[in-house]
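Notes for the structure review
What follows is each chain in one-letter form.
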Amino acid sequence: MNSPDLRARRFGFCPWEFRSGATPAEEQAQSEYQTRLLQEMGTKVGADCYISPEAAVVGTAEKSLRLGDRCYVAAHAYVTGRVEFGDDCTINPFVTLRENVRGGHGVRIGAHATLAAINHGFDRTDIPIFRQPVSMKGIVLGDDVWIGSNVVVVDGVKIGSHSILAAGAVVTNDVPEYAIVGGNPARLIRMRESTRAADSELGASLSEFGQRGRQQLDQLLEHYSNRSASGALSFGQRVRPWCDATEIAAAFGSTPPGIAPAELVTTLRSFQTRETGLVPERIDEDPGVTGPPAMTNRYNTMIVNYALECLGSNIGYPIHNAADIEELRLPQILETLNWSSGAWSAGHWIDCYATCLYINAKYFNLTTLVDQLFEWLDQRCDPVSGLWGEWREDDRWLQPVNGFYRLTRGTYAQFGRRLPHPTQANRYHPDTRGRCEFLRGPERKCLQRPRCSPPALALFRTIAAPSRRSGRVDARPSSGRAGLLGRGRGFQFRPNGTRTKSPGHGNVAQYYLPDGRYPRSGRTTSL
């Protein structure tokens, strides 16, 4: 039989064994110890809890340890300040919890983890750091959180329910629900698969949507293509139909029918102008419909390279138009963009410019102004909204939110950078019922488009920071989206081929009529 000292040590390091293995005398001793903690440290615990006498629990009547039922604090844990947990939580050996840490139910904290809700100030260099003010924002954990050994969580972080922090992770930003993060600094590894009914419904709808899309693929591509007298397939004179056809087909592991991949690469590369590196539109356009030529050229350059990447290639020449912008001129250009009332178009410019920088660096080893661009963006991001641009009475958050989508996909997502204020950006999005929170009245239709809302983007670009066309976006809060997928055909054509969206929204098949007209202008163009 084990000696009392060995048994006490065993319970200290395996506290979950106390409930089933303790003798009445040991249970009495634990009850008396918890009473002393209450009297001397203000500690309050629920039923069937165990706190090892070898743990350091420090507090006062106002700031102390609070535990729900069936919780354990193992040997050599260091707990100080206001630390509160719900039921069924475990604080394992050598864990450090400092100042203001609040957790839900079912939280597991692995050995040697540190959750320190306190930071030293270090703004001044004429005063030693230890004499400068400290800050204590607090750390919040949801329910059913598993924190691995040697994890560090810094002050001000919120950990979503059902998430996992991998061993050794240094968590400096908020973690969404169901996320698995790891590394230093912690980044998204993957999202946990959920078994909730809403997820199952969405998964089934997505699967059906994909099957319908695959069945309609050839018909879709034929819908906005032309055939010459000889029967050769062409997507006309405009640039975007060629790119959309290539990317849509690539999504299903194929290429557009009737044209060989090598021929398609040659055609797409021929669109680029060697002198500037840009891809101009190949027919005259109405600026009122498509935007000014300079904007169109930048956008065309971006989408042509994406299409070529789907084919294992890339554009043939550096984009001098972007490379020639000098360091002193860049902030001047950025300041002149219409952020007050046109953040959407401003974000579009940055999307295209940043992508041109990315292409120049990736394929042509050109030095770029990437760091200068991010420095400017970080400084101009609104710390209250997490967006760029301003709320306006007439269209509310329409411009900043759509500018956020454009801006961040070409910058923070593509370059793997962290958003300045991701938590704040989560507030501005359509709710789970699909109800628009940006606009009033019939203009809400512009927000029901197949693109990510700011919360998904914040997750996608803040933790995962994947390449622009890769990665996983959490789609759980989307029962409304599952319903949208069930409407109409896979690629959302109406039976008569009409479409009400204006150019620039969705793929080209969505907003051109079968005869090549823009639905908004009534103007006929040759596709």
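Within every chain, residues take consecutive numbers counted from 1 along the sequence as written. Restriction of local features to residues with pLDDT of at least 70 applies here, the model being predicted, together with a cutoff of 80 or more for giving and counting side-chain atom pairs; totals for whole chains, interfaces and linings are based on all residues. For the side-chain quantities, the full set of heavy atoms in the structure was used; hydrogens and water were omitted.

Each helix corresponds to a stretch of at least 4 residues labelled H or I by DSSP, and each strand to a stretch of at least 2 residues labelled E; elements are numbered beginning at the N terminus. A tally of regular secondary structure across the chain gives 17 helices and 21 strands. Note on exposure labels: buried denotes an accessible area under 20% of the residue type's maximum, exposed denotes more than 50%, and partly exposed covers the range between, all computed with a 1.4 Å probe on protein chains only. Burial status across the chain gives 49% buried among its 527 residues. Residue contacts are counted whenever heavy atoms from the two residues lie within 4.5 Å of one another. For the chain, long-range pairs separated by at least 24 residues make up 48% of all intrachain contacts whose partners lie at least 6 apart in sequence.

Turning our attention to the packing of aromatic side chains. In summary, the pairing rule links any two rings of Phe, Tyr or Trp, Trp by its six-membered ring, whose centres are within 6.5 Å, and it sorts them by plane angle into stacked for under 30 degrees, edge-to-face for over 60 and tilted for everything else. This model, assessed by the stated rule, comprises eleven aromatic pairs. On the basis of an interplanar angle of 80 degrees and a centroid distance of 5.3 Å, the ring pair of Phe11 and Phe18 is categorised as edge-to-face. For the ring pair Trp339 and Trp376, a centre distance of 5.7 Å and an interplane angle of 35 degrees mean the geometry is tilted. Taken together, the residues Trp339 in the loop between helix H10 (329–336) and helix H11 (343–364) and Trp376 in helix H12 (residues 370–380) connect sequence positions 37 residues apart. A relative accessible area of 7% places Trp376 in the buried class. By the ring-pair criterion, three or more aromatic residues cluster together here, those being Tyr358, Phe374, Trp388, Phe404, Tyr412 and Phe415. Geometry around Phe374 places Arg417 over its ring, the cationic atom sitting 4.4 Å from the centre. We call a charge positioned above a ring when the Lys NZ or Arg CZ atom is no farther than 6 Å from the ring centre and deviates by at most 35 degrees from the ring normal.

Once that is clear, we can look at the environment of Ala55. Looking at the secondary structure, you find Ala55 in the loop between strand E1 (50–51) and strand E2 (56–58). As a C-alpha pair, Ala55 and Val95 span 40 residues in sequence and 9.4 Å in three-dimensional space. The residues contacting Ala55, other than those within four sequence positions of it, are Tyr33, Val73, Ala74, Ala75, His76 and Ala77.

What follows concerns the pattern of salt bridges. Salt bridges are counted wherever a side-chain nitrogen of Lys or Arg sits within 4 Å of a carboxyl oxygen of Asp or Glu. The full count for this structure, using the stated rule, is 16 salt bridges. For Arg70, the salt bridge is made with Asp88, and the minimal N-O distance between the two is 2.7 Å. Taken together, the positions of Arg70 in the loop between strand E3 (65–66) and strand E4 (72–73) and Asp88 in the loop between strand E5 (78–84) and strand E6 (90–91) put the pair 18 residues apart, joining distant regions of the chain. Accessibility expressed as a relative area gives 30% for Asp88, which makes it partly exposed. Asp394 is the partner of Arg392 in a salt bridge, and the nearest nitrogen-oxygen pair spans 3.5 Å. Each of Lys63, Arg98 and Glu99 takes part in a single network of salt bridges with overlapping partners.

On to the sheet that holds strand E19 (residues 187–191), then. As summarised here, the arrangement of the eight strands in space is E1-E4-E6-E8-E13-E16-E18-E19, forming an open sheet in which the pairing is mixed. With one partner strand each, in any of the chains shown, E1 and E19 form the two edges of the open sheet. Across four bridges, strand E18 (residues 179–182) lies against E19 in antiparallel orientation. Across the sheet, the residue bridging to Ile180 is Arg190, located in E19. Any two strands with at least two DSSP-identified bridges between them are counted as paired.

A separate point is the side chain of Asn92. For Asn92, the position within the fold is in the loop between E6 and strand E7 (96–102). Here Asn92 falls in the buried class, since its relative accessible area comes to 15%. Any pair of nitrogen or oxygen atoms within 3.5 Å is treated as a polar contact; in protein, a donor-acceptor pairing is required on top of that, and neighbouring residues in sequence qualify only through side-chain atoms on both sides. In terms of polar contacts, Asn92 uses its side chain to reach the backbone carbonyl oxygen of Ile109, at 3.0 Å. Beyond its immediate sequence surroundings of up to four residues, Asn92 is in contact with Trp16, Ala74, Ala77, Ile109, Gly110 and Ala111.

For H10, every residue scored as buried is listed here: Leu330, Ile333 and Leu334. The arc that holds the buried residues of H10, viewed along the axis, is 100 degrees, so those residues lie on one side. Turned more than 90 degrees off the buried face of H10, the exposed positions are Gln332 and Thr336. Contacts from the buried residues of H10 go to H11 and H12. As used here, the arc belongs to the directions running from the helix axis to the C-beta atoms.

What follows deals with the pairing of E5. Sheet analysis places E2 next to E5, joined by three bridges and oriented parallel. Note on E5: the bridge partner recorded for Val58 is Thr80. With two bridges connecting them, E3 and E5 associate as parallel partners. By the bridge assignment for E5, Arg66 is matched with Glu84.

The next subject is the confidence of the model for the chain. pLDDT is a per-residue confidence score from the predictor, ranging from 0 to 100. Across the chain, the average pLDDT comes to 76, with 72% of residues at 70 or higher. In this model, residues 285–291 is a region of pLDDT below 50 whose contacts with residues beyond four sequence positions or in other chains number 16 contacts. In the model, residues 428–484 has pLDDT below 50 throughout and makes 140 contacts with residues more than four positions away in sequence or in other chains.

To estimate how far a helix should reach, multiply one less than its number of residues by 1.5 Å. A rise of 1.5 Å per residue sets the reference length of helix H5 (residues 239–251), with its 13 residues, at 18 Å; its end C-alpha atoms lie 19 Å apart and thus fit the reference within 8%. Residues Val239, Arg240, Pro241, Trp242, Cys243, Asp244, Ala245, Thr246, Glu247, Ile248 and Ala249 constitute the buried set of H5. Positive backbone phi, at 70 degrees, marks Gly253, one or two positions downstream of H5.

So, on to the packing of H5 against helix H6 (residues 261–270). Geometry is summarised by axes, namely lines fitted to C-alpha atoms with helices restricted to the contacting stretch, and by angles between N-to-C directions that run from 0 to 180 degrees. In the contact formed by H5 and H6, the axes pass within 11 Å of each other and the chain directions differ by 145 degrees. Crossing handedness for the pair H5 and H6: left-handed. Contacts from Trp242, Cys243 and Thr246 in H5 reach Leu264, Thr267 and Leu268 in H6. As a working rule, the residues Ala, Val, Leu, Ile, Met, Phe, Trp, Tyr, Cys and Pro are called nonpolar, Asp, Glu, Lys and Arg charged, and the rest polar, with Gly in that last group. Of the residues that constitute the contact of H5 with H6, the class distribution is four nonpolar, two polar and no charged. It is the rotation of the near helix from the far one that decides the hand of a crossing: anticlockwise by less than a right angle makes it left-handed, clockwise makes it right-handed.

The subject of this paragraph is the packing of H11 against H12. One way to put it is that H11 packs onto H12 with a least axis distance of 11 Å and a crossing angle of 150 degrees. It follows from the interaxial angle that H11 and H12 lie roughly antiparallel. Every pair of crossing elements has a handedness; the one defined by H11 and H12 is left-handed. From H11, Ile350, Tyr353, Ala354 and Leu357 reach across to H12, where they touch Val370, Leu373 and Leu377. Grouping the amino acids of the contact of H11 with H12 by side-chain chemistry returns seven nonpolar, no polar and no charged. Roughly parallel here means an angle under 35 degrees, roughly antiparallel means over 145, roughly perpendicular means 65 to 115, and every remaining angle is called oblique.

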